[in-house]
Amino acid sequence: MLHRMVLAARSKIDTGPGALNGAFGSVLASCMRTSVAEGVTGGMVVEAGHFLEVLEGGDEALCAYHDRAANDDRVDGLQVLEFVPVLRREYATWAVAVSKPGVTEPDLMVAINEKRAGPFAVSQHVRRVLKTGVLAETPPLCVAA
């Protein structure tokens, strides 16, 4: 059954300029491989030392993704903000973007740190940031609504 999962976590690695050559690049490569192999679509936003992610896929694939993230020493404080069945996908690919000035949401980041962020706010923010440009994106993995 198709599900959507919304995650937030603190990064324990450098995600700044030049970080794609290190652990950050490794995280992105791993996410892209998993997305392609398991048909997981969605997007990740890197902002203020956090990873914000919306994922769509089969429940088993998403649970396995969560388990890997929960045991990854490059992230901390993993929060599952939403895990719900959905009728159709909103994303055809998996993409990653870094939030830019003018798109950042300081209040949302405070809410995440205080563990009171809602999945809708995070999902909308991820979508908004992805529209400003992506660092990397898989080829289309499915047809989205």
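Please refer to the structure placed before this passage.
Everything quoted here is computed from the prediction, not taken from an experiment.

Describing the nonpolar core
Piece 1. Among the nonpolar cores identified, the biggest contains 22 residues, and Phe24, Met44, Phe51, Leu55, Tyr65, Trp94 and Val96 are the most heavily contacted of them.
Piece 2. For this core, the elements supplying multiple residues, two or more each, are β1 (2-11), α1 (23-38), β2 (41-47), β3 (50-58), α2 (59-70) and β5 (94-98).
Piece 3. For Val96, the contacting residues outside a window of four places in its chain are Leu28, Met44, Val46, Leu130, Val134, Leu135 and Ala136.
Piece 4. Among the nonpolar cores identified, the runner-up in size contains 19 residues, and Val6, Val54, Ala95 and Val122 belong to it.

As for the pattern of salt bridges
Piece 1. Per the stated rule, a full pass over the model turns up 8 salt bridges.
Piece 2. The closest approach of N and O atoms between Glu105 and Arg128, which form a salt bridge, is 3.3 Å. On the criterion of sequence distance, the pair formed by Glu105 in the loop between β5 and α3 (106-113) and Arg128 in helix α4 (residues 119-130) is long-range, its members being 23 residues apart.
Piece 3. Since its relative accessible area comes to 27%, Glu105 is described here as partly exposed.
Piece 4. Given the relative accessible area of 38%, Arg128 is considered partly exposed.
Piece 5. Residues joined in a network through salt bridges with shared partners are Arg4, Glu82, Glu90 and Arg127.

A closer look at a nonpolar patch on the surface
Piece 1. A surface patch of nonpolar side chains, about 230 Å² in accessible area, is lined by Leu20, Val98 and Leu135.
Piece 2. The topology assignment puts Leu20 in the loop between β1 and α1.

Considerations on the packing of aromatic side chains
Piece 1. All chains considered together, the criterion is met by 0 aromatic pairs.
Piece 2. A cation sits over an aromatic face here: Arg127 above Tyr91, 4.7 Å from the ring centre.

With respect to the sheet that holds strand β6 (residues 136-137)
Piece 1. Taken in spatial order, the 6 strands make up an open sheet running β4-β1-β3-β2-β5-β6, and their pairing is mixed. A single partner strand is all that each edge strand has here, and the edge strands are β4 (75-85) and β6.
Piece 2. Pairing analysis gives 5 bridges linking β2 to β5, with the strands arranged parallel. If you follow Gly43 over to β5, its bridge partner there is Ala95.

Digging into unusual backbone geometry
Piece 1. Within the chain, Ala48 stands out as a residue other than glycine whose phi angle is a positive 50°.
Piece 2. In this model, Lys115 sits at a positive phi of 55°, which is unusual for a non-glycine residue.
Piece 3. By secondary structure assignment, the location of Lys115 is in the loop between α3 and α4.
Piece 4. Given the relative accessible area of 57%, Lys115 is considered exposed.

What to know about the side chain of Ser11
Piece 1. Along the chain, Ser11 turns up in strand β1.
Piece 2. Apart from the residues within four sequence positions on either side, Ser11 is in contact with Gly49, His50, Phe51 and Arg74.

Reading guide: rules and limits
Residues numbered from 1 in each chain as written. Predicted model: local features only at pLDDT ≥ 70, side-chain atom pairs only at ≥ 80, totals over all residues. Heavy atoms only, no water. Core = buried A, V, L, I, M, F, W, Y, C linked by side-chain atoms within 4.5 Å. Buried < 20%, exposed > 50% of the residue type's maximum accessible area, 1.4 Å probe, protein only. Helix = DSSP H or I, 4+ residues; strand = E, 2+ residues; numbered from the N terminus. Contact = heavy atoms within 4.5 Å. Salt bridge = Lys/Arg side-chain N within 4 Å of Asp/Glu carboxyl O. Patch = residues over 30% accessible without salt bridge, like charges linked within 9 Å, V, L, I, M, F, W, Y side chains within 5 Å. Areas by Shrake-Rupley, 256 points an atom, 1.4 Å probe, with all protein chains shown as cover. Phe/Tyr/Trp six-rings, centres within 6.5 Å; stacked < 30°, edge-to-face > 60°. Lys NZ or Arg CZ within 6 Å of the ring centre and 35° of its normal. Pairing = 2+ DSSP bridges.

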